[in-house]
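Observations on the three-dimensional arrangement
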Amino acid sequence: MAVTDVNNDDDPNTNTTCDKTKELSEPADFEKAINEAGFGLFNLLLLFVAIPATLANVFSTTTMAYILPIAECDLRLTLFNKGMLNAATYAGMIASAIVWGYLADTQGRKKILVVGYLADAVCVVCSSLSQNFVMLVSFKFLGGLIVNGPGAVLFTYLTELHGSKHRPRVLMILGMVQSFGTLILPILAWLVLPRDWEFKIDDFNVHTWQIFLFICALPSLITGLILIILPESPKFLMSQGRNMEALRAFQKIYAFNTRKPKTSYPIQHLIEEVPTRDTNANDVIFTIENKLQSADAENAAKQKAKRPHRSMAQSLREGWQQAKPMFQKPLLSRSLHVYLMQFCILLGLNTIRLWLPQLFASIAEFEHEYADTDESANLCVILDYSVNKTATAIATYTGECTANKDVSVDTYLNNIIVAIVGLVGYCFAGLIVRALGPKRLLTYGLLISGILGFSLFWSNSGLTTLIISALFITVCSISTSSLLGMVVAIFPTTLRTMIVAIAMMFGRLGALSGNLMFPVLVEIGCVPPFIMVGVVLIFSSALSCILPKKTTFT
């Protein structure tokens, strides 16, 4: 009688199938699990959510720049008041940076995103109801306090929901979306602010700039509502030892992408990245059936039941243990290096970026008033004119304001052009990154930005100012994105959000410092503000030369 070889070792298809089954039955790491979840509808939904989320982040720091020329009379703004309004959001962000970073790395990404964006929407609506400078600056500070959390977590959340194959593209798309946000805002300002939509309800005045602020609350509201249906970051859950929840998150992503039942997700086990908070040291694997794969599962369950609930003090101790490596070698020197660079970069970038609408408004007004004369359109002359005009307007305030009729449409068109140049720059940034590498792009970009910052001093026309400022903001913004991308690569998963949050805190401290110093330096003279911008960016370029090149953590 012939004997049939049931193993059929000679059949390559059978061997391949067996190998695949064996591979999927073994515990999977994050990269393997996210690759099995696929790339499709879920990832497109993520990128869709990134649009209003990034718009909300851009709007939170930039809206004041567009209403300053319009609200100058209504709010009786001095030059320093304008600097305070530009800086108020950053002050709030600085005050809350460490708290948000700790919460995101211990409580989860999704919870911070949902609560943060919905709370920010409420805060922006309140700022649109402001009737004086004190109310507006207070709500802008509170808005910065709130939006800092979801703003920093969004970057980490999106990268942790993609595998290594797609992550670099996601980072670049985020940069493009941010440039898109800087384009939407001046278009929105152009559509709304020149309109005469002012009215009065009893003693409550509603101005066009308040309607503009109210509309700017919509991105935060939309983002918070959509994020409710999205899963927690499985990378975060695995780093916390919560593998059962991570498996459910992978299942949800798989179902979105393949339109198949969650139960057909092929991965059944996840490796333990850290000792789980829910089991003892003997436990090694969570499975999708919630079985404990250990030598003594019954004993582990009994010990788990006896374990008391963690107190606040215990939670704080755990948080300190998690953050402790940040204050030790090699992370301490590395993080301080990043913090200093971020301070200098955002000081230079956001000082020019947030004062640019005011500069364009002053240029347009100056060129209109002196159109039939030989008066020089040198930027220094225009700055002197703007300083004197603001001081005169405050001193001679009569209660009647017609500022919205005096702001030229060219002010908004120039800002739209700057945003378009930035968006085009990001379209080519991917090619430049591949040609130069992220570190060289960072170094050369910051050096060029510093030179362009200096060159604004020699601008002698509105067109020249437009060209230089557009190139400056584009190159400097791309460099900033490169630095954040390197931060994700050179720090461990459990500390990335906190490192990014603290780095952004220092960056916002730089932005706050620059916006408070700029009006002071302008009143001293024309040269100092541009020297400040150029020097800090060239210094950042030098610092970038000694950043680590390779990833040393996962």
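The structure under discussion appears in the preceding block.
Residues numbered from 1 in each chain as written. Predicted model: local features only at pLDDT ≥ 70, side-chain atom pairs only at ≥ 80, totals over all residues. Heavy atoms only, no water.

Following the sequence through the fold, Val381 ends up in helix H15 (residues 379-395). Residue Val381 is classed as partly exposed on the basis of its relative accessible area of 29%. As for Val381 and Asn460, which are separated by 79 residues in sequence, their C-alpha atoms are 9.2 Å apart. (Helix = DSSP H or I, 4+ residues; strand = E, 2+ residues; numbered from the N terminus. Buried < 20%, exposed > 50% of the residue type's maximum accessible area, 1.4 Å probe, protein only.)

Residue position: Ser130 is located in the loop between helix H5 (109-128) and helix H6 (133-160). Residue class for Ser130 comes out buried when judged on its relative accessible area of 1%. At a separation of 3.5 Å, a polar atom in the side chain of Ser130 contacts the main-chain amide nitrogen of Leu136. (Polar contact = N/O pair within 3.5 Å; in protein donor to acceptor, adjacent residues only side chain to side chain.)

Scanning all chains against the criterion turns up four cavities of 30 Å³ or more. When its volume is computed, the largest cavity comes out at roughly 80 Å³. In terms of lining residues, the largest cavity is bounded by Leu79, Trp355, Gln358, Leu359, Ser362, Leu383, Ser386, Val387, Phe518, Pro519 and Val522. At the level of secondary structure, the elements contributing two or more residues to the lining of the largest cavity comprise helix H14 (331-369), H15 and helix H20 (493-524). Looking at the lining of the largest cavity residue by residue, the classes come out as eight nonpolar, three polar and no charged. (1 Å grid on protein atoms, 1.4 Å probe; cavity = no way out; pocket = protein on both sides within 12 Å on 5 of 7 lines; lining within 4 Å. Points joined across faces, edges and corners; volume = space filled by probe spheres on them. Nonpolar A, V, L, I, M, F, W, Y, C, P; charged D, E, K, R; others polar.)

Here Gln342 shows up in helix H14. Relative accessible area serves as the criterion here: at 1%, Gln342 is assigned to the buried category. On a C-alpha basis, the gap between Gln342 and Gly507 in space is 4.7 Å, while along the polypeptide they are 165 residues apart.

Our focus in this paragraph is the packing of aromatic side chains. Taken as a whole, this structure holds six aromatic pairs when the rule is applied. Aromatic side chains Phe457 and Trp458 sit 5.2 Å apart centroid to centroid with 80° between the ring planes, which places their arrangement in the edge-to-face category. Its relative accessible area of 60% is what places Trp458 among the exposed residues. Grouping aromatic residues by their ring pairs yields a cluster made of Phe250, Tyr254 and Tyr265. (Phe/Tyr/Trp six-rings, centres within 6.5 Å; stacked < 30°, edge-to-face > 60°.)

Phi angles above zero are rare outside glycine, and Arg76 is one such case at about 55°. Tracing the backbone through its elements, the reader meets Arg76 in the loop between helix H3 (41-71) and helix H4 (79-107). For Arg259, which is not glycine, the phi torsion reads 55° and is therefore positive. Tracing the chain through its elements places Arg259 in the loop between helix H11 (243-258) and helix H12 (297-306).

What follows concerns a nonpolar patch on the surface. On the surface, Ile420, Val424, Phe428, Leu431, Ile432, Leu436, Tyr444 and Ile448 cluster together into a nonpolar patch covering about 700 Å² of accessible area. Secondary structure elements with two or more residues in the nonpolar patch: helix H17 (409-436) and helix H18 (438-455). The element contributing the most residues to the nonpolar patch is H17, with six residues. One can find Ile432 in helix H17. What makes Ile432 partly exposed here is its relative accessible area of 36%. (Patch = residues over 30% accessible without salt bridge, like charges linked within 9 Å, V, L, I, M, F, W, Y side chains within 5 Å. Areas by Shrake-Rupley, 256 points an atom, 1.4 Å probe, with all protein chains shown as cover. Salt bridge = Lys/Arg side-chain N within 4 Å of Asp/Glu carboxyl O.)

What follows is about H6. With 28 residues, H6 should cover 40 Å at 1.5 Å per step; its first-to-last C-alpha distance of 41 Å lies within 8% of that length. In H6, a bend of some 35° at Val147 exceeds every other bend along the element, and Pro150, a proline, comes one to four places later. Within H6, 21 of the 28 residues are buried, leaving the element largely enclosed by the surrounding structure. Among the residues of H6, the N-terminal cap falls to Asn132, whose side-chain oxygen and the backbone nitrogen of Val134 are separated by 3.2 Å. (Expected span 1.5 Å × (residues − 1). Bend = angle between axes of the 7 residues up to and from the residue.)

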